[in-house]
Each structure stands twice: as C-alpha cells, then as structure tokens.
Amino acid sequence: MTATASPPGIAELVERHRRGLVSPVETIEASLALAEAWEPFLGAFVTIAREQALAEARALETRLKRGEPAPALAGVPVTVKDIIATAGIRTTAGSPALARNMPSRDAVNVARLRAAGAIVIGKTATPQFACRQTTDSPLSGIARNPWDLRLTPGGSSGGSAAATAAGAGLLSLVTDGGGSARLPAACTGIAGFKPTFGRMPFDGSSDAFGGLGHAGLMARTAADIAYALPLVEGPCDADPYSLAVTPRPARQGGTQALPLAGLTIGWRAQLAQEPMEGAIAAAFERALGAVAALGAQLIPIDGAVEPPLPIWRVLQHSIWAERYADNAAVMAHIDRVIADGIADAGSLTARHLQGAMHGRTRLFRQVQGWFRDCDLILSPTLARGPLAAGHPGYGPIDIDGREAGDIREAWAPLLGLFTMTGHPALSINIGWTPAGLPIGLHLVGRWHEDARVLAAGAAIEAHFDAVKPPPPLPSQPVAASEPKETLP
C-alpha cells in the first residue's frame, strides 16, 4: 500500500475548521475510521467512543455554522489514556476489576480539553494501573508498534503512542510516573512531554504532595504539544503544586522554533555507563553536532549520580501496596510487576520510605545544580529501540545482542531521574535506525521553563525533519492479540 499523508498540525486543523474548509464531523469520522481500521493490528484502544465523539462533533459544527467563535482546539481528535477519568466513557486502568467503571465526571485535564473544543475519540490501552514499560492487559490485549507489529510501542502510555503514530488522534492526554509519556514516544517516532510537576494538574493522584504521577501530553510534534499545553495548565484545587501556576495565553499559531544560539546546553549520554545501541549512540552524536551548529554552547554533565531506581522502587512499591494489596477484586487479576512490587513493599519500613523521600530530595538538588551552568539538558531517550511486543515488562533485556540487565535499569535509565525531580522533559524524534525504527532525543529544562523546552524541541525537530507520516495499514496482523474482555 502507498504511504499515508501527514496529518495537519493542530493549529492548521483548527484554522480549517474555523474557515469552514473542512467539517469537524468529517475530521472526527476520518479519525474514528482510522482508529477502527488500525485496531485489529495495534490493540491501541480499550474503548472507541464513536457515538459520543460524533455527537460532540455535530454540536460543534452547528455552533460554528451559527457564527460562534471557534475554540482553540475546535474539532481536534484527542485520545485519553485509560487511567484518566472520562465522563460517559468507561475508565478501566487496564484492570478487569474496573471493566465496567463509568466515571460521572471528567478528570480536570479532560474537562479543559473538552472546554477548548477537543473531541475525545477513545480511551487508549495501558498495562494495569500504568505499571510498566510495555503495554498489554487482560482488557486490551497486547499493544503493538505501527512501525513494526512485532514490537511494543512502549509503556505505560503505549496505546496513546501507537494511536498517535498511526494518525488516530492528533493529541493524547497521558500520565508519566517514571517515563510513561516519553518512553513510548521514542518507540513510535512522536513527541511525548512530561511538564513541570504540577503545571498540568493531576487530580487522579491519591498523594497530592509526594506522588510520582505527572499529567502529560503526546502529539506528533513538539509544536502541537506547545499549542495545547496552555489550554490545560494552571491551578486546580485538587493539586497543591498547580496552585502557583499562571496559565499562559494560548498560542494560536503553535510554538515558534527557539533559536538555540546563545544557549548553554548540557549533555549526558548515560546515567552510569550503561550499554547503548550503536545506532542510538551515533544519532546522539549527530544531535550534539546539530545543536552546536545551531549556535548553542555544549558542556558535558559529568560526575556520579545517586542511582534513582532504588529510590523510585521504594516509593512506587509502597504506593502499589497501599492502593491494591487489600483489594481482592484487583488482586485476582493483578499484573506480575505490581504483585512483585507489593511483595517487595512487605519488607519495607517507615524508615525506608522516609529515606526514599530524602533520596528524592538529593536527586532534585543535584539536578538543580546542573542548571546553574546550563539552560537545557540533552540525553538519548532510550538506550535501545523498541522491545518485542510480548515482553512481560520485567526481567532482562538485550542491547545489540548482549544482555544489558533489568529492563528498568537498562532501557531508559535517565527518564525516572527527571520524573522524581519534577523538571519538564520532552522526547522528540531525530532519526531512524537502519531497521526503520525511530530514535528519540530527550530534552530537560528548569522548573516552569516548559515553553523553552518545547520551543527548543521544535527547533531541533525542524533541523532533522525526521517525523514521518503515519505508516500504511498492514495487510494482516503479525499475530493474534490476547483475548479482550468485552462488556455485554
């Protein structure tokens, strides 16, 4: 089949709707058709909300025909990770115990997207309770990568990444508690953003003060994320870290590519000398050369970093134990990654938990020290390309044919560091391996300099011009997905 055309950017699509050049109903029909056509191959969705989406598109179209102003996201097809509450669309978190959970209200960021005119076309697949770096669950089966169906789109926002890369939706609302917005973006050749902790409020967290979860966004490009971010950021009474955030005016034309001249950009290829795929190491070297050619001064970030993973594990395993260990319905089908985490939490004490909180503070202060000397930090997003679709999300992985260690230690060693420190972090696509797989570059900025991170990402994206149109539909699935549980 011939390759598909690139979808318009969000600002361009909204302008087409505003001027009546294309109908919001036509846009949503096309997006739904693409989602449904890809679904047997990708397993990207838990629920496709056809009827609700079309009803909202018709209502929007009526308002536009009456001459009402077009809202900032008028008719933009959006997907929502199935751990985020959506009124009238079931929210399962990948758990059979929640297969019929129908929220009565939207999460705050869903409500803000809808208020801006966006239309939710469906809920995207996640491993149970967003627990790991690959994506499958008893409800959605195995999620697959549109660039190679044998491979994973990553996790835990794997369904969102697969759907966006395939063109089914221009924007996805996701979460990131250890890399879940950025890792899948790197696996699928799109942009994934974790804002400053609290910039996008996270009203789904049960620990509003010490939690790990960030709300985040995925889109095809950094420019599309920059366009959408001002529409969802800002104060929410449920999130104390959001209360000091002043929303910025929406950028009707998206972001302008930030000139890199005059910036000092730090770089760190590895956390602690982990192995790295040769093609990714070479692409990172090219990225550093390009950033220097664009006028930035590069400085290496050297020195030991306290391993973030042991700190993350104490915090995350404690969270899982408190939330799920006493819930028999949830535990009856629990993912092994969570079950192992709960078992580990049984040996932890209050002293371990407080020690992890202190460790998180040490990491934050070390990263803050880096920003005394530089404006941004660059690293590879991943140490290797996508794993097999059926990888269980625990145990060892290999890099260039050699065993590299546990998946959380070896695949994305730097992502969890910046989750725990709360700094804004973006993955963009900068190239493709000889096997045709995407390569991600990771950009990190100071707290609340989200706009700078996104603008720099847009400038680097423009230099590499590596974001491809969605791939064509395959002729047949590579393998049957796991059975899905459906509602009667």
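**Brief notes about the sheet that holds strand 2 (residues 77–81)**
Across the sheet, which stays open at both edges, the 11 strands sit in the order 1-3-2-6-8-7-14-15-11-9-10 with mixed pairing between neighbours. The outermost strands of the open sheet, each flanked by one partner alone, are strand 1 (45–48) and strand 10 (297–300). Adjacent strand axes in the sheet meet at a mean angle of 25 degrees, parallel and antiparallel pairs treated alike. By the bridge criterion, 5 bridges tie strand 11 (residues 376–380) to strand 15 (residues 438–445) in an arrangement that is antiparallel. The residue of strand 15 that forms the bridge with leucine 378 is leucine 443. Contacting strand 1, strand 2 and strand 3 (119–124), helix 2 (residues 24–42) runs over the sheet at an angle of about 140 degrees to strand 1. Packed onto the sheet, helix 4 (residues 108–115) meets strand 2, strand 3, strand 6 (171–176) and strand 8 (214–219) and runs at close to 165 degrees relative to strand 6.

**Things to note about the pattern of salt bridges**
This structure, assessed with the given rule, holds 24 salt bridges. Between arginine 114 and aspartate 106 there is a salt bridge whose closest N-O contact spans 2.7 Å. By relative accessible area, arginine 114 is classed as buried at 18%. With its nearest N and O atoms 3.4 Å apart, the salt bridge here joins glutamate 449 to arginine 446. For glutamate 449, a relative accessible area of 25% corresponds to the partly exposed category. A relative accessible area of 22% means that arginine 446 is categorised as partly exposed.

**Considerations on helix 11 (residues 336–345)**
Within the span of helix 11, buried status applies to Val337, Ile338, Gly341, Ile342 and Ala345. Down the axis of helix 11, the buried set is contained in an arc of 135 degrees. They therefore lie on one face. On the buried face of helix 11, the contacting elements are helix 9 (308–324) and helix 10 (328–331). For helix 11, the capping residue at the N-terminal end is aspartate 335, with a side-chain oxygen 2.8 Å from the backbone nitrogen of valine 337.

**A look at the packing of helix 8 (residues 278–293) against helix 15 (residues 450–464)**
It is the contact of helix 8 with helix 15, at a shortest axis distance of 11 Å, that shows an interaxial angle of 110 degrees. One element, helix 8, and the other, helix 15, form an angle in the roughly perpendicular class. Along the contact surface, helix 8 presents Arg286, Ala287, Ala290 and Val291, while helix 15 presents Ile460, His463 and Phe464. Looking at side-chain class alone, the contact of helix 8 with helix 15 contains 5 nonpolar, 1 polar and 1 charged residues.

**Things to note about the nonpolar core**
Within the largest apolar cluster, 81 residues are counted, with the highest numbers of intra-cluster contacts made by Leu73, Leu217, Leu426, Ile428, Leu441 and Leu443. Counting residues per element, this core draws most heavily on helix 2, which supplies 7 residues. Sequence-distant contacts of isoleucine 428, that is, excluding residues within four places in its chain, are made with Ile190, Ala191, Ala222, Ile439, Gly440, Leu441, Leu443, Gly457, Ile460 and Glu461. Counting 34 residues, the second-largest nonpolar core is a separate cluster that includes Trp320, Val330, Ala356 and Ala425.

**Let's talk about the packing of aromatic side chains**
For the structure on display, the rule yields 7 aromatic pairs. Ring geometry for tryptophan 147 versus tryptophan 432: centroids 4.8 Å apart, planes at 70 degrees, classification edge-to-face. Taken as a pair, tryptophan 147 in the loop between strand 5 (141–142) and helix 5 (158–165) and tryptophan 432 in strand 14 (residues 425–432) lie far apart in primary sequence, 285 residues in all. The positively charged end of arginine 360 is found above the aromatic ring belonging to phenylalanine 197, 5.7 Å away from the centroid. The ring of tryptophan 432 has lysine 468 sitting right over it, with the charged end atom 4.2 Å from the ring centre.

Criteria and thresholds
Residues numbered from 1 in each chain as written. Predicted model: local features only at pLDDT ≥ 70, side-chain atom pairs only at ≥ 80, totals over all residues. Heavy atoms only, no water. Pairing = 2+ DSSP bridges. Helix = DSSP H or I, 4+ residues; strand = E, 2+ residues; numbered from the N terminus. Axes fitted to C-alpha atoms, helices over the stretch in contact; angles between N-to-C directions. Contact = heavy atoms within 4.5 Å. Salt bridge = Lys/Arg side-chain N within 4 Å of Asp/Glu carboxyl O. Buried < 20%, exposed > 50% of the residue type's maximum accessible area, 1.4 Å probe, protein only. Arc of directions from axis to C-beta. Polar contact = N/O pair within 3.5 Å; in protein donor to acceptor, adjacent residues only side chain to side chain. Parallel < 35°, antiparallel > 145°, perpendicular 65-115°, else oblique. Nonpolar A, V, L, I, M, F, W, Y, C, P; charged D, E, K, R; others polar. Core = buried A, V, L, I, M, F, W, Y, C linked by side-chain atoms within 4.5 Å. Phe/Tyr/Trp six-rings, centres within 6.5 Å; stacked < 30°, edge-to-face > 60°. Lys NZ or Arg CZ within 6 Å of the ring centre and 35° of its normal.

Any functional reading would require information that these geometric values do not contain.
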